[in-house]
Amino acid sequence: MKVYALFNDESALFARIAGLREQVAATGKSRPKGDALLRRLEDFDGKLDAIRKKIVATKEGGAITGEERLREHTDQLYGAVTSWDGPPSAYQLENIAALRAQLGEIDGDFTRVISTQLPELNNALKSKGVEALTVPPLAVFSGGEPGSGGVAVSGQYDPDAARGVQVPTNLKLWN
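Conventions adopted
Residues numbered from 1 in each chain as written. Predicted model: local features only at pLDDT ≥ 70, side-chain atom pairs only at ≥ 80, totals over all residues. Heavy atoms only, no water. Helix = DSSP H or I, 4+ residues; strand = E, 2+ residues; numbered from the N terminus. Polar contact = N/O pair within 3.5 Å; in protein donor to acceptor, adjacent residues only side chain to side chain. Contact = heavy atoms within 4.5 Å. Axes fitted to C-alpha atoms, helices over the stretch in contact; angles between N-to-C directions. Parallel < 35°, antiparallel > 145°, perpendicular 65-115°, else oblique. Left-handed = near helix turned anticlockwise from the far one by under 90°. Nonpolar A, V, L, I, M, F, W, Y, C, P; charged D, E, K, R; others polar. Salt bridge = Lys/Arg side-chain N within 4 Å of Asp/Glu carboxyl O. Buried < 20%, exposed > 50% of the residue type's maximum accessible area, 1.4 Å probe, protein only. Expected span 1.5 Å × (residues − 1). Core = buried A, V, L, I, M, F, W, Y, C linked by side-chain atoms within 4.5 Å.

**Student:** How would you sum up the side chain of aspartate 109? Please name residues and give values.
**Tutor:** Here aspartate 109 is to be found in helix α4 (residues 90-116). There is a polar contact of 2.5 Å between the side chain of aspartate 109 and the side chain of arginine 112. When neighbours within four sequence positions are excluded, aspartate 109 is seen to be in contact with Ile51 and Lys54.

**Student:** Hey, could you go over the packing of helix α1 (residues 2-29) against helix α3 (residues 70-82) for me, with residue numbers and the actual values?
**Tutor:** The axes of two packed helices give the description: the angle between them and the distance between them. Axis separation between α1 and α3 bottoms out at 10 Å; the angle between their running directions is 160°. When the axes of α1 and α3 are compared, the pair comes out roughly antiparallel. Like other packed secondary-structure pairs, α1 and α3 cross with a definite hand, here left-handed. Along the contact surface, α1 presents Val3, Leu6, Phe7, Glu10 and Ser11, while α3 presents Leu70, Arg71, Thr74, Asp75, Leu77 and Tyr78. Partitioned by chemical class, the residues of the contact of α1 with α3 number 6 nonpolar, 2 polar and 3 charged.

**Student:** Tell me about the pattern of salt bridges, and please be specific about residues and values.
**Tutor:** For the structure shown, the criterion picks out 10 salt bridges. For aspartate 49, the salt bridge goes to arginine 21, with nearest N and O atoms at 3.2 Å. Within this pair, whereas aspartate 49 is found in helix α2 (residues 36-55), its partner arginine 21 is found in helix α1, the two being separated by 28 residues in sequence. Judged by its relative accessible area of 14%, aspartate 49 is buried. With relative accessibility at 21%, the residue arginine 21 sits in the partly exposed group.

**Student:** Could you give an account of the side chain of arginine 52, naming the residues involved and the relevant values?
**Tutor:** Along the polypeptide, arginine 52 turns up in helix α2. A distance of 2.6 Å separates polar atoms of two side chains, one belonging to arginine 52 and the other to aspartate 49.

**Student:** How would you sum up α4? Please name residues and give values.
**Tutor:** Compared with the 39 Å implied by 1.5 Å per residue over 27 residues, the 39 Å span of α4 between its first and last C-alpha is a close match. Buried within α4 we find Gln92, Ile96, Leu99, Leu103, Ile106, Asp107, Gly108, Asp109, Phe110, Val113 and Ile114.

**Student:** Hey, could you go over the nonpolar core for me, with residue numbers and the actual values?
**Tutor:** Counting residues in each nonpolar core, the largest one holds 30 residues, and the members touching the most others are Phe44, Phe110 and Leu133. Among the secondary structure elements, those contributing two or more residues to this core are α1, α2, α3, α4 and α5 (118-127). Beyond its immediate chain neighbours, meaning those up to four positions away, leucine 133 contacts Leu20, Gln23, Val24, Thr27, Leu41, Phe44, Leu118, Leu121, Asn122 and Leu125.

Structure, rendered in structure tokens:
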């Protein structure tokens, strides 16, 4: 369930980045080539894309190409944990903690970019009469919706525990 929660949080952060990048792209379409504001939008998008690339492989073929990012490492760990009938090993538990810490660093990068650069960019947009960019809210993926990266799990799910480990009430883990 810890790896499941990690997938959830990775998906939520990825969705926030993608949503913000979509706004940047839509806003940039209305700007003329060579416009200073367009350059600022492109620079901001480049920073968001660099953060996105820390989460997922971006080359065609993903892990097959040798490009592995946080998502691919989490996927490998999830496969290892779920393919074994026993409890997770100490190594796997340490790996979960390491991947969680890595996600925390990436989330910190995103927070720094949106807190330091987005306000200035929004001021520039407003001064040109353009609508400000907004950071999409944190989403919790709990139903296995197509494209969400979530996994359907029977039982009750507590969406308020978005950052913790969510354990369905009908699931018993090891002692």
